[in-house]
Amino acid sequence: EQLVTIREGLRLEQVAADVAEQTTIGEDAFLQLATSAWRDRPYASAFLSVVPADATLEGFLYPDTYRLPEQATADDLVERMLTTFDERVTPGIETAAGQHGLDLYQLVTLASIVEREAVLEQERRTIAGVFHNRLQAGWTLDACPTVQYALGSPGNWWPRFTLEATRTSSPYNTYENLSLPPGPICSPGLASIKAAAQPADTDYFFFLADCTK
């Protein structure tokens with residue numbers, strides 16, 4: 001058998017590279033499946049109905065350690081990742097998110113931003129609370145990881161954030177576009193998903209972040 005560990009906070013391309021490094025599954029095969037071919041598969045995960053028809057599986061490939069058969073395929077791993085997401089993200093978490101006005105896709109999108117912003121465990125719910133406050137007030141999110149996601153390229157998936165970057169023309173630029181970006185920007189862990197669903201009740205609209213992460 002093979003073991004593969006997927007870290008939290010990685011974007012699809014990084015996940016594919018890690019999978020190829022740790023298993024016999026090809027990087028391109030994994031990326032193609034997670035990007036578009038997943039729509040042609042009979043995956044049992046009911047939550048996939050919330051994923052837009054033109055979207056990738058970004059955000060839903062649950063970061064964890066997986067045991068795979070010796071001759072594993074990309075399908076084997078993706079199915080396990082989706083099933084694990086389904087098991088960990090409980091109906092209770094979805095209900096809590098709904099009480100804050102988020103459906104599952106929006107929840108994972110916000111959780112992915114929290115994942116990239118948070119450094120300390122105890123920060124997550126406060127960071128999520130700040131973003132909830134901005135959303136409810138009709139402010140822009142001003143989340144630098146979303147711009148880094150837009151600007152990322154092979155070899156530099158999370159480029160250093162600059163003031164100039166805030167003028168990037170992209171739907172993922174949350175300095176210029178209101179509300180959440182079109183979709184998740186990485187694979188959030190359970191702590192970030194819970195934080196986004198149950199944010200801290202805070203009056204804060206700002207926090208200081210190190211966007212070099």
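Look above for the structure.
None of the values given here were measured: they were computed from a predicted structure.

J.: In this structure, what is going on with unusual backbone geometry? I would like to understand it.
T.: Glycine aside, residues mostly have negative phi angles, and peptide bonds mostly take the trans form. A positive phi angle, near 50 degrees, is found at Asp142, a position not held by glycine. Note that Asp142 resides in the loop between α6 (124-137) and α7 (144-151). Phi at Ser179 is positive, roughly 70 degrees, even though this residue is not glycine. Inspection of the secondary structure assignment puts Ser179 in the loop between α7 and α8 (190-197).

J.: Just checking my understanding: could you explain the packing of aromatic side chains for this structure?
T.: How two aromatic rings sit relative to each other is set out by the distance from centre to centre and by the angle between their planes. Across all of its chains, the model carries seven aromatic pairs by this definition. Among the aromatic residues, ring-to-ring pairing joins Phe47, Phe60, Phe85 and Tyr105 into one connected group. If you follow Arg11 out to its NZ or CZ, it ends over the ring of Tyr149, 4.2 Å from the centre. Just above the ring of Trp158 sits the side chain of Arg116; from NZ or CZ to the centre is 3.8 Å.

J.: Got a minute to help me understand the pattern of salt bridges in this structure?
T.: Working definition: two side chains of opposite charge can pair if their charged atoms are close together. Evaluated as defined, the whole model comprises seven salt bridges. Ionic pairing is found between Arg7 and Asp18, a salt bridge with its closest N-O pair at 2.8 Å. Residue Arg7 is located in the loop between β1 (2-5) and α1 (12-22), and its partner Asp18 is located in helix α1; the two are separated by 11 residues in the primary sequence. Assessed through its relative accessible area of 46%, Arg7 is described here as partly exposed. What makes Asp18 buried here is its relative accessible area of 11%. When salt bridges with common partners are traced through the structure, they connect Glu115, Glu121 and Arg124 into a single cluster.

The rules behind the values
Residues numbered from 1 in each chain as written. Predicted model: local features only at pLDDT ≥ 70, side-chain atom pairs only at ≥ 80, totals over all residues. Heavy atoms only, no water. Helix = DSSP H or I, 4+ residues; strand = E, 2+ residues; numbered from the N terminus. Phe/Tyr/Trp six-rings, centres within 6.5 Å; stacked < 30°, edge-to-face > 60°. Lys NZ or Arg CZ within 6 Å of the ring centre and 35° of its normal. Salt bridge = Lys/Arg side-chain N within 4 Å of Asp/Glu carboxyl O. Buried < 20%, exposed > 50% of the residue type's maximum accessible area, 1.4 Å probe, protein only.

Any functional reading would require information beyond the geometric quantities listed.
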